[in-house]
Amino acid sequence: MIWRIARSREVTLAAVLIAVAAFASVRAPNFLTADNLVLVTAFAAIIAIAAVGEALVILTKNIDLSVESTIGLVAFVVATVLKQHDMPVPAAWALGIGLGLVLGMANGVIVTIFKVPSIVATLGTLSVYRGLDFYVANGHEVNLVDLPAGYSDPAHQTLLGFQFGGIGFSGIPIFVILAILVVAAVGMALRYTVIGRQFYAVGSNAEAAAVIGVRSRLTVFLAFSLCGMLAGIAGVLWGIYFGTLYASSASGLSLQVIAAVVVGGVSIAGGSGTVIGAAIGALFLGLINNELPLLKVPQEWLTLVYGAVILVAISTDALIQVRSQRAKARSRVR
Amino acid sequence: MTNDQMGVNKPADASAASAAAEAPMPAGGGSRNMANSARAILSGVARWEVLLVIILAVVVWWGTRISPNYIQPDFWNSLNFGASVSGTMEVAIMALAMTPIIIMGDIDLSVESMVGLSGAVLGTLFVAGIPLQLGIPIVLVVGALGGLFNGLLVTRWGLPALVVTLGTLALFRGLCNVVLGTSYVSNFPSNFTAFGFGYVPGTDVPWTLLTFLVLAAVFCAVMHYTWIGRQIFSVGKNKDAARYSGVRVARVRTAMFVVSGMVAAFAGVILALRYNSVRADNGTNLTLVVVTIAVLGGVDINGGKGTIPGVIIAVFTLAALQSALRLAGVSSEYQNVAIGLLLIFSVITPQLARQLRVLVDRIRQSRRRPARDPVPGEVVR
Amino acid sequence: MFHRIPRVAAGAALVIVLAGCSSSSATTAPASAAPAAVGSIVMIPKQVNNPYFDVAFKGAQNAAADLGGTLTQVGPSAADATQQIPFIQTAITNKVSAIIISADDATAVAPALQQAMAAGIKVVGYDSSPAKGAYNVFVNQADTAGIGKGLADMACDVAPSCTGEIAVLSAAQTATNQNAWIDAMNTTLKDAKYSKLVYDGVVYGNDDPTISTTQAQALLSAHPNLKVIVAPTTVGIVAAAQVVESKSLIGKVFVTGLGTPKGMQAFVKTGSSPEFALWNVTDLGYLAYATAVQLVTGAIKGNSGETYTVAKVNSGAPYTIGADSVVVLGPPFVFNKDNIDQYVTSFGF
């Protein structure tokens with residue numbers, strides 16, 4: 001039992017993460033400072049929430065390339081609404097999350113009802129949603145001064161901090177707590193509810209799932225809708241984090257989110273993986289992004305290391321699989 | 001990415017089945033003959049290439065409505081044709097190389113980074129004094145090695161192509177950044193830059209277009225008329241069946257990745273020479289355009305189906321569309337919206353046509369006279 | 001497989017027939033309608049949807065209303081030179097009177113611009129210059145050496161006692177204008193007055209908000225004693241100021257550089273960016289358009305030494321074209337918390 005936990009992908013990833021963090025903190029003493037970690041983990045939390053949604057879609061053997069446009073559009077719309085219409089802040093946030101949900105549902109409809117392969121469908125909506133973003137922007141950006149006072153503060157605020165004698169703990173960033181809640185909620189739903197198990201069923205073998213009565217199209221629709229809603233949440237947090245928003249905000253994020261999911265152990269072939277893994281993957285990649293400049297790695301090398309990390313992560317996956325299959329075969333012979 | 005990998009339902013290929021069912025024509029019933037030939041025409045029209053040509057014609061017509069400069073009196077010599085077409089040639093040749101990969105059920109996302117890397121290597125070699133005549137072949141080898149790397153990871157270790165090429169997308173771009181550092185090269189000799197910008201002497205055909213047509217002819221011949229092409233299609237339709245019938249699946253897949261890498265490297269050379277500029281961000285955002293062209297050209301993203309002629313028409317359709325939109329003063333982001341919508345509808349429309357045909361079939365069948373019980377051995381139509 | 005060919009050939013024939021049909025009817029309307037000599041002018045910024053360029057566009061639109069002609073703005077959605085070229089070529093096809101362009105890469109756009117000039121189209125550069133010989137006049141927002149000195153002076157002003165480490169957060173690695181300003185700043189810093197400022201190097205944010213933010217964070221973490229971040233780009237300065245606020249470093253780290261008044265208004269008031277500068281971007285657009293009009297009507301040829309006046313800019317004082325056909329808009333404005341509100345109102349951006 002212990003070995004099974006130890007061999008699980010998520011634990012391995014967490015161990016690697018801690019090892020890398022330890023290495024960085026030795027070589028660059030500023031890594032472990034509260035200032036540094038709070039902002040880095042807060043941003044990683046945003047990616048993690050989007051990664052949880054993406055993981056749901058990938059579990060069902062699909063993919064959603066349009067998350068970056070959803071996040072950008074929601075962030076911009078929320079900020080614009082606050083700037084121009086004096087809406088109370090929670091209402092604006094609800095509007096943003098609702099918009100994300102609608103965009104996700106649109107993806108779901110194209111994939112399930114019109115039967116367009118998800119890679120093509122989301123490739124198309126990637127451009128269409130971004131075009132909507134530019135249309136709404138109409139040449140303007142939203143500046144920090146247009147938003148309510150202190151709007152950006154939650155991005156670097158923490159909870160549960162304490163100072164006791166000489167020992168101080170600056171607390172956990174609010175965004176990270178949010179991310180933990182999301183991961184816990186979705187993870188438990190996936191594991192302990194019937195609908196959750198259906199995600200895995202549809203991803204592993206859609207025909208067999210249909211035979212036992214799983215409504216696979218409904219499940220996939222649900223996956224895309226949830227992905228959109230979680231991207232909406234990420235979009236709202238994005239707006240808080242950055243404060244100043246452009247129509248091109250969050251460009252290029254989709255590949256980062258997918259990379260986080262993949263590094264976190266969710267198989268691109270569907271049917272296996274956990275949202276905890278996706279979240280840890282997001283944290284891992286966020287930390288790497290932050291550590292490299294601290295380790296005085298020149299800026300040119302960052303992308304190279306990023307790519308190498310992704311390849312190493314998925315290769316170890318495959319190697320472990322091959323090893324365990326060989327071990328199984330050997331044990332059978334014996 | 002295997003056949004089944006992406007997408008909820010793989011659209012059933014009914015055209016082959018219905019074509020097979022057509023073979024023995026029943027005797028008697030002139031109306032049935034007409035109905036059958038109507039069905040044949042419908043299945044022919046629903047062939048993607050024809051639909052695409054119609055779309056191309058519509059786009060061209062719309063372009064001429066937007067601006068009288070769209071097609072100028074000497075059509076082939078107009079700057080617009082040369083410009084609009086030669087700007088698309090890099091993605092066009094990459095789309096040619098992407099087609100066999102997608103047909104086999106894989107994908108190569110790293111092509112745009114190979115474009116950047118090949119330009120970076122070429123520029124660095126040039127600055128170090130190595131003439132372009134030597135530099136270009138070296139760069140093609142680099143492209144082949146990159147493709148080999150992708151191919152080995154996909155075939156040897158069984159990693160999904162989507163994820164491997166996601167990683168190499170970043171890896172090659174990173175190598176490009178490291179090779180170039182903060183510098184950039186922009187003083188290639190003019191006889192080479194003329195290749196990118198100029199025309200074949202004596203004619204009005206841009207050099208890059210000629211290159212594309214030659215490559216297109218080669219790909220078309222190989223994919224549709226040789227045993228290599230047949231192997232590629234068989235791998236795409238059913239990998240295991242192909243393996244059991246003796247196709248060296250791993251070898252074919254790796255070979256196509258190598259080809260894709262080399263073609264991407266060549267596209268990178270063209271890009272660098274045409275713009276006379278090698279920068280670390282050469283070629284960014286090209287991958288999605290390449291995949292769009294392939295899908296627009298009728299290549300099934302799930303594998304197993306696709307034609308090179310379709311991709312060629314898709315290239316021109318995209319060039320015509322972008323040219324028309326630019327003449328209409330539409331900026332890039334809205335051009336992308338148009339392309340995104342076109343992509344989605346280009347996949348939805350054959351689906352709808354198929355579902356329409358199934359519906360028509362059902363209506364026809366329900367209107368038939370009630371049949372007597374079939375005699376054993378009789379086939380009921 | 002052979003049956004595919006007839007269909008494709010039929011389709012191709014259809015296209016060619018259509019082309020033949022259309023070309024005969026295309027000879028009717030000429031491209032530009034205005035009998036007055038201005039015609040249509042197209043503006044190609046480094047990237048669209050960048051607030052800086054949108055403000056310049058508004059200035060140019062004001063000029064078009066005053067001086068005549070039709071103005072459109074097109075451009076790439078990312079600051080990519082290769083994407084600018086198709087728009088230049090479209091402009092040539094459309095036979096515009098003039099192109100106003102801010103080049104992402106000076107040499108990459110040069111051949112296309114030279115083709116335009118050969119076709120009789122006037123080329124006016126603004127903000128970021130195309131290569132020499134690829135424009136008629138370049139409207140520089142401020143004198144390069146002047147901007148460099150201004151950046152050094154502001155860094156000296158915000159750093160307590162003009163002492164401490166400074167670093168630069170720039171735009172793209174290959175951006176002509178930013179690189180020129182940074183070089184000018186470094187030349188100024190060699191002076192004895194700035195001897196206590198230590199230069200830590202430059203990082204590139206690519207004018208992308210996310211990358212600029214990450215680079216600013218990395219800068220602060222890698223150099224714990226950093227006192228000043230100099231960001232000569234409107235996207236970068238906002239990102240840097242936001243990071244300083246988020247890390248609660250107000251009063252310990254100061255941000256300066258080039259930014260829009262509205263974009264930095266919040267940060268000037270909190271003190272994360274006590275001082276920064278910019279020129280009147282609206283006027284830059286106005287002047288660029290007016291220069292184009294002057295070239296199109298033949299009032300100037302673009303040679304050094306020529307002078308011309310633009311009524312609403314520079315209070316009507318004449319501009320003289322300098323070496324390399326460069327015209328300088330005027331001195332930049334320095335913003336601080338005392339004048340920021342008034343500038344936000346008067347500039348409108």
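Just so it is clear, the model here is predicted, and its values are computed rather than measured.

The rules behind each value
- Residues numbered from 1 in each chain as written.
- Chains lettered and ligands numbered in written order.
- Predicted model: local features only at pLDDT ≥ 70, side-chain atom pairs only at ≥ 80, totals over all residues.
- Helix = DSSP H or I, 4+ residues; strand = E, 2+ residues; numbered from the N terminus.
- Domains from an automatic or database assignment.
- Contact = placed C-beta atoms within 7 Å.
- Nonpolar A, V, L, I, M, F, W, Y, C, P; charged D, E, K, R; others polar.
- Pairing = 2+ DSSP bridges.
- Axes fitted to C-alpha atoms, helices over the stretch in contact; angles between N-to-C directions.

Draft legend 1. Representation of the environment of Thr-210 of chain C in the model. Relative to the helices and strands, Thr-210 of chain C is located in helix α7 (residues 209-222). Sequence separation of Thr-210 of chain C and Glu-306 of chain C is 96 residues, and the distance between their C-alpha atoms is 44 Å.

Draft legend 2. Focus on the domain arrangement of chain C. Residues and elements named next belong to chain C. Parsing chain C into structural domains produces domain 1 (40-142 + 281-335) and domain 2 (144-278). Taking the mean C-alpha position of each, domain 1 and domain 2 sit 28 Å from one another. With 15 residues of domain 1 at the contact, the number on the domain 2 side is 18 residues. At the level of elements, α2 (51-67) and β14 (333-335) are the ones that each hand at least two residues to the side of domain 1 that touches domain 2. Split by residue class, the side of domain 1 that touches domain 2 holds 11 nonpolar, 2 polar and 2 charged.

Draft legend 3. Main features of the interface of chain B and chain A. Across the contact, 42 residues belong to chain B and 45 residues belong to chain A. Within the residue set of the side of chain B that touches chain A, elements represented by two or more residues are α8 (161-180), α14 (287-296) and α16 (332-366) of chain B. Sort the elements by how many residues they give to the side of chain B that touches chain A and α8 of chain B lands first, with 13 residues. Split into classes, the residues belonging to the side of chain B that touches chain A amount to 26 nonpolar, 14 polar and 2 charged.

Draft legend 4. Summary view of the sheet that holds strand β4 (residues 122-126) of chain C. Residue and element names in this part refer to chain C. Within the open sheet, the 6 strands sit side by side as β2-β1-β3-β4-β5-β13. Their pairing is parallel. The sheet is open, and its two edges are formed by β2 (70-73) and β13 (326-328), each paired on a single side. Here the strands of the sheet are splayed against their neighbours by 20° on average, with no regard to which way each runs. The sheet contact formed by strand β3 (residues 98-101) and β4 spans 4 bridges and is parallel. Its bridge partner being in β4, Ala-98 is matched across the sheet by Lys-122. Across the sheet, helix α3 (residues 81-93) touches β1 (40-44) and β3, and the angle it forms with β1 is around 175°. Packing against the sheet, helix α10 (residues 281-296) makes contact with β1, β2, β3, β4, β5 (137-140) and β13, and its axis sits at approximately 160° to β4.

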